[in-house]
Amino acid sequence: MAAGGWTYAALAQQVEIDPKSVERWVNLGRTPRRATALQAAKALGEDVHALWPALRQARPARAISPELVALYQQRADIPVSAFTDLMAQARERIDILVHAAVFLHEAYPRLNELLTERAAHGCTVRIAIGDAASDNAQARGQEERFGHGIESRCRLALMHYKPLTGTPGIEVRTHSTTLYCADDQQLVNAHVWGVNAYAAPVWHLRRHETGGMFDTYAESFDAVWATATPVREEG
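Summarised in this report is the structure supplied together with it. (Residues numbered from 1 in each chain as written. Predicted model: local features only at pLDDT ≥ 70, side-chain atom pairs only at ≥ 80, totals over all residues. Heavy atoms only, no water.)

Quick word on the pattern of salt bridges
Rule in force here: A pair is scored as a salt bridge if a Lys or Arg side-chain nitrogen falls within 4 Å of a carboxyl oxygen belonging to Asp or Glu. Relative accessible area decides the class of each residue, using a 1.4 Å probe on protein chains only: under 20% of the type maximum gives buried, over 50% gives exposed, and in between gives partly exposed. Secondary structure elements follow DSSP: runs of H or I of four or more residues count as helices, runs of E of two or more count as strands, with numbering from the N terminus.
In total, this model carries eight salt bridges according to the counting rule given. Between Arg173 and Glu171 there is a salt bridge; the shortest N-O distance is 2.8 Å. Looking at Arg173, the relative accessible area reads 14%, which means it is buried. The closest approach of N and O atoms between Asp184 and Arg207, which form a salt bridge, is 2.9 Å. Residue Asp184 is located in the loop between strand S6 (179-182) and strand S7 (185-189), and its partner Arg207 is located in the loop between strand S8 (202-206) and helix H10 (213-227); the two are separated by 23 residues in the primary sequence. Of the residues examined, Arg207 reaches a relative accessible area of 32% and is grouped as partly exposed. Among the charged side chains, a network of salt bridges with common partners joins Asp95, Arg126 and Asp222.

Right under this line is the structure:
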């Protein structure tokens, strides 16, 4: 506003609201309604999410495909509850295919307990983690300019999941790629070359009766799982 010479009154007039509302945005950090925010951002020549990050949300996507529940610009926009809620609702299976995804355990320390509970209720749980010693993991580290950071995260992920080995209904293997799947829903983190996974897009898919993308990713998981190396229980 200062750069553009906008006063509270001038911007309020432009978006047809009370000047006190604009004052509250500036002084109290209030977030306007989406429609008002879009008008204000257009007037200011700024990105609406740069002004009000709280307005960032998944984009409804049913019009694009009946399988597509939502699109997220980047994984960092998704609350961890979106992942854990899918797992908590699962009745038949939970498939986790990642390089590391240590953010899940860091943000939700009960993850192993949740997976154990679901397995006890009849869910088949398959967890595939990146092999820290593989050429694939090392190449990904170079690509994302993390160096050996990717390998360290793979080892940390294995430390998190290893206590689950030997638990009935749960199997842990090592491999790499990125897919989160529970029953008939998936959260798929795209691979964008040179971009860290947290900044890459995610699409939320739901299985459709006619088949499609969901089945493609599910079959891909099965193919990776078949070549993955089982993690053995210690002792």
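After presenting the structure, the write-up continues.
Structural notes on helix H7 (residues 111-120)
Spacing of three or four residues puts side chains on the same side of an α-helix, whose turn is 3.6 residues. Formally: Each direction from the helix axis to a C-beta atom contributes to the arc, which is the arc of those directions.
Those residues of H7 that sit buried are Leu111, Asn112, Leu114, Leu115, Arg118 and Ala119. Taken down its axis, H7 places every buried residue within 160° of arc, on the same side. Where H7 ends, the next residue or the one after it, Gly122, has phi of about 100°, a positive value.

Here's the deal with the packing of helix H1 (residues 8-15) against helix H2 (residues 19-28)
In plain terms, the rule: Axes here refer to lines fitted to C-alpha atoms; in helices the fit is confined to the stretch in contact. Angles between the N-to-C directions go from 0 to 180 degrees. Should the near helix be turned anticlockwise from the far one by less than a right angle, the crossing is left-handed, and should it be turned clockwise, the crossing is right-handed. Contacts: residue pairs with any heavy atoms within 4.5 Å of one another. Throughout this entry, Asp, Glu, Lys and Arg are counted as charged residues, while Ala, Val, Leu, Ile, Met, Phe, Trp, Tyr, Cys and Pro are counted as nonpolar. The remaining residues, Gly among them, count as polar.
Contact geometry for H1 and H2: axes closest at 8 Å, N-to-C directions at 115°. The way H1 lies across H2 gives a crossing that is right-handed. Taken together, the residues of H2 that come into contact with H1 (itself represented by Tyr8, Ala9, Leu11, Ala12 and Val15) are Pro19, Val22, Glu23, Trp25, Val26 and Asn27. Residue composition of the contact of H1 with H2, by class: nine nonpolar, one polar and one charged.

Some points on unusual backbone geometry
Positioned with a positive phi, Glu16 is a non-glycine residue whose angle comes to about 60°. Locating Glu16 in the fold gives a position in the loop between H1 and H2. Positive phi outside glycine occurs at Ala101, with the angle close to 50°. The topology assignment puts Ala101 in the loop between strand S3 (93-97) and helix H6 (103-107).

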